[in-house]
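# Results of the structural survey
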Amino acid sequence: MMDTIIIKGLEVFANHGVLEEENRIGQKFIIDAELYTDFSDAVKNDDISASTDYSAVCEKVTAFMQENTFRLIETAAAKTACMLLDEFPGIRGVKLELKKPWAPIRMTVEYASVRLEKKWHTVCVALGSNIGDKEAYLNAGVKGISELKECRVLKVSDFIETLPYGNVGQADFLNGALIMETYLEPYELLSALHDIENSCGRKRTVHWGPRTLDLDIILYDSEIIDTPELVIPHYDMQNRKFVLAPLAQIAPYMRHPVLNKTISRLLQEL
């Protein structure tokens, strides 16, 4: 369980709204935020530099709200929460409510508001290539992910040569894995990875067929997702040595949320 810094009732005069006059004239907004962090080092040493300075947070939120203009308060709230995760390394998650007390509706209300939560998620991604300069494509995949401002690459495995999986005749693969943090939601991350694959010339013409770059989400925290577009954990990871071997190198004790076994255990059993 994480420690929490609470900021309540921060008033900011800014220019956000669907109506032209809201953007031109501006109005008051009120922000409530819960910042999830870890106090342990700050408490041990009674040191503000080991904590998150809430006055600095208030200054950043105020400046961000005043320097940008968004039509929707949903967008303003989400962008503000993401900014806090980018700017303050000690903040692991943000729950934020953005209130609009002067909402332009012809009824009496105290305020209209939106509430959302953003946090850093731990994700494992498998990489593969068997066309052209395979190592260059894998490195391009790692670089593409690391350049996403919403992502932080933490560890990258060695690359290993493996035989192709399935019955499609094709060249051997070069495979790897990485651990990252992201505040993108699963489908947002999937879209971003597809963009990186496409930038490397990925063509989806044959199932399990040759590809310049393959980026698969293997684990996303302990989430379980099963839809036509996305399956997490990867449905066949426990049977794929080319996934488990690189992953065991950098995340041996991460646990499969369905099978309840560590990566190293799955590799041993395979």
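Quick look at the structure, then. In this text the structure is predicted, and so the values were computed from the model without any measurement.

## A look at the nonpolar core
With 32 residues, the main nonpolar core has Leu35, Met65, Leu84 and Leu98 as its most contacted residues. Mapped by element, the contributors of at least two residues to this core are β1 (3-14), β2 (27-37), α3 (54-67), α4 (73-87), β3 (93-100) and β4 (112-119). Sorting elements by how many residues they give to this core places α4 first, with eight residues. Discounting residues that sit within four places of it in the chain, Leu98 has contacts with Phe29, Ile30, Ile31, Met65, Ile73, Ala76, Ala77, Ala112, Ser113 and Val114. Counting 24 residues, the second largest nonpolar core, distinct from the first, contains Val142, Cys151, Leu213 and Ile217.

## Digging into the packing of aromatic side chains
Enumeration over the complete set of coordinates arrives at two aromatic pairs. Each ring, one from Trp120 and one from Tyr183, has its centre 5.1 Å from the other, and the planes form 65°; the classification is edge-to-face. Taken together, the residues Trp120 in the loop between β4 and β5 (121-129) and Tyr183 in the loop between β8 (173-182) and α6 (186-199) connect sequence positions 63 residues apart. Among the residues examined, Tyr183 registers a relative accessible area of 2% and is labelled buried.

## Considerations on the environment of Glu223
Turning to its location among the elements, Glu223 is positioned in the loop between β9 (214-220) and β10 (225-226). Spatially, the C-alpha atoms of Glu223 and Pro257 are 7.3 Å apart, while their sequence positions differ by 34 residues. Those residues within four positions of Glu223 in sequence are excluded, and the remaining contacts are Ile232, Pro233 and Pro257.

## Considering the pairing of β3
The side chains of a regular strand alternate, residue by residue, between the two faces of the sheet. With respect to burial, β3 is a largely interior element, seven of its eight residues being buried. Of the strand pairs in this sheet, β2 and β3 are connected by seven bridges, and their pairing is antiparallel. Looking at the pairing, Ala33 lines up with Leu96 of β3. In this structure, β3 lies alongside β4, joined through eight bridges in antiparallel fashion. By the bridge assignment for β4, Lys99 is matched with Ser113.

Thresholds applied
Residues numbered from 1 in each chain as written. Predicted model: local features only at pLDDT ≥ 70, side-chain atom pairs only at ≥ 80, totals over all residues. Heavy atoms only, no water. Core = buried A, V, L, I, M, F, W, Y, C linked by side-chain atoms within 4.5 Å. Buried < 20%, exposed > 50% of the residue type's maximum accessible area, 1.4 Å probe, protein only. Helix = DSSP H or I, 4+ residues; strand = E, 2+ residues; numbered from the N terminus. Contact = heavy atoms within 4.5 Å. Phe/Tyr/Trp six-rings, centres within 6.5 Å; stacked < 30°, edge-to-face > 60°. Pairing = 2+ DSSP bridges.

Take it as geometry only, folks, not as evidence of what the structure does.
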